[in-house]
Amino acid sequence: MVAARVCRCRVDVGCNRGDAMVSPAAARAYDARHMTATPAAAPETLVAPRRLEVHREAMTVEGHALEGVQLGGYLLGCALGTAPVVIVVGGITASPFPFGDAANGVEPWWPALCGPELVDPARATVLCPCWPGNGSTWRGFDDGPLPALSALGLADLIAAWLDGIGCAAPATFLGASLGGLVGIAFAARHPKRCARLITISAGLRPDGWGTATRHLQRELVRDGLRTGDVATGMIRARQLGMLTYRGRDELDTRFGVLAPGLEVPPVAQYLDHHGQRFAARFPVRTFLLLSDAIDRGRFAGDPASVRAELARVTADVLVVGVPGDLLFPYPLQHELYRELQAVGAACSLWKLDSEYGHDAFLADQDRLAALLRDAGAFATAGAPRMRFEGVGARPVREIRIGMIGCGVVGGGVLDLLARQADAMVERYGVRFRVTRIAVRDLGKARPARAEGIPFTAAPLELVADPEVDVLVEVAGGLAVGPALTAALAAGKPVVTANKALLAKKLAELGALAQRTETPLLCEAAAAAALPIIRHLSHRADEVDSLLAIVNGTCNYILTRLEQDEWAMDRAIAEAQALGLAEADPSADIDGHDAAAKLSILAYRAFGAWIPPDAMPVRGIGELRPADCDLAEAMGMRIRLVAHAASAGKQGGGALAAAVEPVLLPDWHLLASVEEEYNAVYLRCASSGDLSLFGKGAGALPTATAILGDLIELAQDNSVQWPEPRPVAAAPQPARRHYLRVTAEAHAGLPRRIDSLVRRAGMSVQNRAARNEPLVTHHGFIVSAADDRAMSALVDQLRELGRVEQTLWLGVVE
């Protein structure tokens, strides 16, 4: 803290000076020329900055005795005591004129933050303290040894300046870089003065890499002092600093490399400009003191003592970090947020996504201003409140969506995003916004919620669009494959509902996602609203077998055959009328849609890639209402089931997978699934039987799955796509079968069927019959046999006289 022996303390008011680098001598000369014996009363609102200077004969800061202290700063806006106070402090080279001084030709360095909902001089008293050597000083600063002050000591100097100018009201402290580091110290060491802290691109401490960089900068300057070439030392120090202030991506895309025919790389001119400008304008000793203050900016040596210091913070704290920051990496902001949360402070962590690295608070300040508005950072702050136990405020992150497709499912996505917008902010701290849409036909009418969103006919444009953070694909078909591949290659996350594409390209796309460490999420492609992919992606157990109803269209048709005894054609027409079936329903009826989904599920459940054309697939086209009736008479129900089972280590890791209509005991979970609902039934090695049930078709259920994937993305939940293991196709193990023989009525037919069954080495375990005017349907449950033996038996039955049709299906136990 500060120990002060005050022999004389006065406040000088009335200096409007535009020199961005303010020397103490210049400040005193200006005051001598422009001050009157009795300063005029300050107006209610100041248009130009006004200097406020405090003099103290002696002070002790961090154990260092300072004499002849002059602490300077500037006031802009409302007079002290008439409005809320905002303290603005920038980095090492920042002048005390963040919003400029037009009267003296000083350009602003933070203009985007000046205005309504931000730092508004019309409604606030804006105070900008000066750094030592750049508007503040003490005796011996220019020629004596520099005291080893830290960011904590600089915070104490600011507190002393506030004391001297009579500012007692709790303030909002806005600090960036060194200013943010000082702000943290200010909130901890002077809690009654700080109602809100906004710290940007700073942290609880410096890290080793930044400390090494700053040490090298100081050594370059000291070499210049020793050799008499101070300018070169300052230039080189600044050039090194510029490489750390900006992000690697920006330097790469903006300047590139040393191309043939160039004497120096393109970045050289940029570095020379900033180096010479810095050397010409910035005080050497100020740079050395402030750079050293960053590296000494630690609260204590052990975690318990650090938390004891932070426990004094009563301010609402808003921490803003930039992922590409080299000087204060984002983990340092997360550490600060975590430590403040641990002691019960009210704190929120915000991410400023920018290519500009540490200097994003200057180079990308429009985006920073939008972030601070969203956060309500400058809402009226009351007095500091007592520490509370809680989790603090939740930051709101925006994710911008580029959507491919805007039909039924796309409209459902837009509706659900609008309906759930407030809930997404409240639950997950994220806001989703569709910024661009790609469609095949630009002239086609689109949902009302798409109004105002730019459209394009080129999906690849969304990949290159900087206003798109994630690609959401709901168009379907194989034509969108290049856009998804390009997005993953470029590191842009993909959320897709395209089962047809994934059925052909999942292994390839998964490998690309893994290589580029880019999220590929496809919950909607498997079972719509059922979060089965999410469960399998994060499972802790081994899956032995999987049975699933994943085609809502077929399940609806089977329900109509079962409950209403409709013919297949009528049931399909009704499904089409309800929007559950396509105009061409063959992909559903023939089982190919379910096979594509099983391919995705098997990849996740077993780590094996089985293309749909590599597995047996049967549809429901052969079924009649009589089959449902016969099955029910024998305690069974028919469902189209996609199933896969591992043969285990004894079977060499082989996998049996198929899509087919099967009979299920009426007590089985899947037997009770009706209408367009889906269900997945897992048998796991350790956790036993698990199941999921829900709607597997429709715009909103599919949109729900897409939104779930977006939430996973927003929460940075990792989804790995390991290389699929090679797997051999295992034969279907022996099982019981359902056999239906449709024939003209004949008393001896059942006996002849029994005889053929026995000759095939099987036995009839259950039977039922259904009579119709012209034919009789005979149904049998036959003892376990492999599918080839059953197929051979059916071939023999077809040769019997009066037999019109035969059908066999597997039975699930």
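What counts, and at which threshold
Residues numbered from 1 in each chain as written. Predicted model: local features only at pLDDT ≥ 70, side-chain atom pairs only at ≥ 80, totals over all residues. Heavy atoms only, no water. Helix = DSSP H or I, 4+ residues; strand = E, 2+ residues; numbered from the N terminus. Buried < 20%, exposed > 50% of the residue type's maximum accessible area, 1.4 Å probe, protein only. Polar contact = N/O pair within 3.5 Å; in protein donor to acceptor, adjacent residues only side chain to side chain. Contact = heavy atoms within 4.5 Å. Axes fitted to C-alpha atoms, helices over the stretch in contact; angles between N-to-C directions. Parallel < 35°, antiparallel > 145°, perpendicular 65-115°, else oblique. Left-handed = near helix turned anticlockwise from the far one by under 90°. Nonpolar A, V, L, I, M, F, W, Y, C, P; charged D, E, K, R; others polar. pLDDT = per-residue confidence, 0-100. Expected span 1.5 Å × (residues − 1). Pairing = 2+ DSSP bridges. Phe/Tyr/Trp six-rings, centres within 6.5 Å; stacked < 30°, edge-to-face > 60°.

A. View of the side chain of arginine 770. Assignment of secondary structure puts arginine 770 in strand E25 (residues 764-771). Residue classification places arginine 770 among the buried residues on the basis of a relative accessible area of 15%. In terms of polar contacts, arginine 770 uses its side chain to reach the side chain of glutamate 565, at 3.4 Å. The contacts of arginine 770, once residues within four sequence positions are left out, are Glu565, Pro625, Ala626, Asp629, Leu630, Val775, Thr776 and His777.

B. Geometry of the packing of helix H5 (residues 230-245) against helix H7 (residues 267-281). H7 packs onto H5 with a crossing angle of 130 degrees between their chain directions and a minimal axis gap of 8 Å. Viewed along their axes, H5 and H7 adopt a mutual orientation that is oblique. Classified by chirality, the crossing of H7 by H5 is right-handed. Between H5, through Ala231, Met234, Ile235, Arg238, Gln239, Met242 and Leu243, and H7, the contact on the second element is made entirely by Tyr270, Leu271, Asp272, His274, Gly275, Gln276, Phe278 and Ala279. Split by residue class, the contact of H5 with H7 holds nine nonpolar, four polar and two charged.

C. Layout of the confidence of the model for the chain. Summing up the model confidence of the chain, the mean pLDDT is 85 and the portion of residues at 70 or higher is 92%. The low-confidence segment residues 1-44 (pLDDT under 50) makes 109 contacts with residues lying over four places distant or belonging to another chain.

D. Summary view of helix H23 (residues 592-606). If you check H23, its first and last C-alpha atoms are 20 Å apart, about what 15 residues at 1.5 Å a residue would give, namely 21 Å. A large share of H23 lies buried, amounting to 14 of its 15 residues. Of the residues trailing H23, glycine 607 is marked for its positive phi of about 70 degrees.

E. How the structure looks around helix H24 (residues 625-633). Residues Pro625, Ala626, Asp627, Cys628, Leu630 and Ala631 constitute the buried set of H24. Positive phi appears at glycine 635, one or two residues downstream of H24, with a value of about 80 degrees.

F. Representation of the sheet that holds strand E21 (residues 655-665) within the structure. Sheet architecture is open: nine strands sit in the order E23-E22-E19-E20-E21-E27-E24-E26-E25, paired in mixed fashion. Edge positions in the sheet fall to strand E23 (688-695) and E25, since each of these pairs with one other strand and no more. Between one strand and the next, the sheet's axes are offset by a mean angle of 25 degrees, whatever the strand orientation. Sheet topology places strand E24 (residues 735-743) next to strand E27 (residues 803-811); seven bridges connect them, and they run antiparallel. Across the sheet, the residue bridging to leucine 739 is tryptophan 808, located in E27. In the packing of helix H20 (residues 552-563) onto the sheet, contacts are made with strand E19 (543-549), strand E20 (636-646) and strand E22 (677-684), and the angle to E20 comes to roughly 150 degrees. Against the sheet, helix H26 (residues 749-759) contacts E24, E25, strand E26 (776-785) and E27, and its axis sits at roughly 15 degrees relative to E26.

G. Representation of the packing of aromatic side chains in the model. This structure, assessed with the given rule, holds ten aromatic pairs. Consider the rings of phenylalanine 173 and phenylalanine 186, whose centres lie 5.2 Å apart with planes at 35 degrees: the pair is tilted. Of the two residues, phenylalanine 173 is situated in strand E9 (residues 171-176) and phenylalanine 186 in helix H3 (residues 178-189); the sequence distance between them amounts to 13 residues. On the basis of relative accessibility, which here comes to 0%, the residue phenylalanine 186 falls in the buried class. Look at phenylalanine 278 and phenylalanine 287: their rings are 5.6 Å apart centre to centre, the planes differ by 80 degrees, and that puts the pair in the edge-to-face class. For phenylalanine 278, a relative accessible area of 7% puts it in the buried group. Using a relative accessible area of 3% as the deciding quantity, one classes phenylalanine 287 as buried. Feature note: the residues Trp109, Trp110 and Phe361 constitute an aromatic cluster, connected by ring pairs.

H. Spatial organisation of the side chain of arginine 436. Structurally, arginine 436 can be placed in strand E14 (residues 430-438). Looking at arginine 436, its side chain comes within polar contact range of the side chain of glutamate 461, at 2.6 Å. Not counting the four nearest positions on each side in its chain, arginine 436 is found in contact with Ile401, Gly402, Met403, Ile453, Pro454, Thr456, Glu461, Leu462, Asp465 and Val468.

I. Highlighting the packing of helix H13 (residues 408-419) against helix H25 (residues 699-714). The N-to-C vectors of H13 and H25 enclose an angle of 60 degrees; their axes lie 8 Å apart at closest approach. What the angle tells us is that H13 and H25 run oblique. The handedness of the crossing between H13 and H25 comes out as right-handed. Residues Val408, Val409, Gly412, Val413, Leu416, Leu417 and Arg419 of H13 form the contact with H25, whose participating residues are Ala699, Leu700, Thr702, Ala703, Thr704, Ile706, Leu707 and Leu710. Of the residues that constitute the contact of H13 with H25, the class distribution is eleven nonpolar, three polar and one charged.

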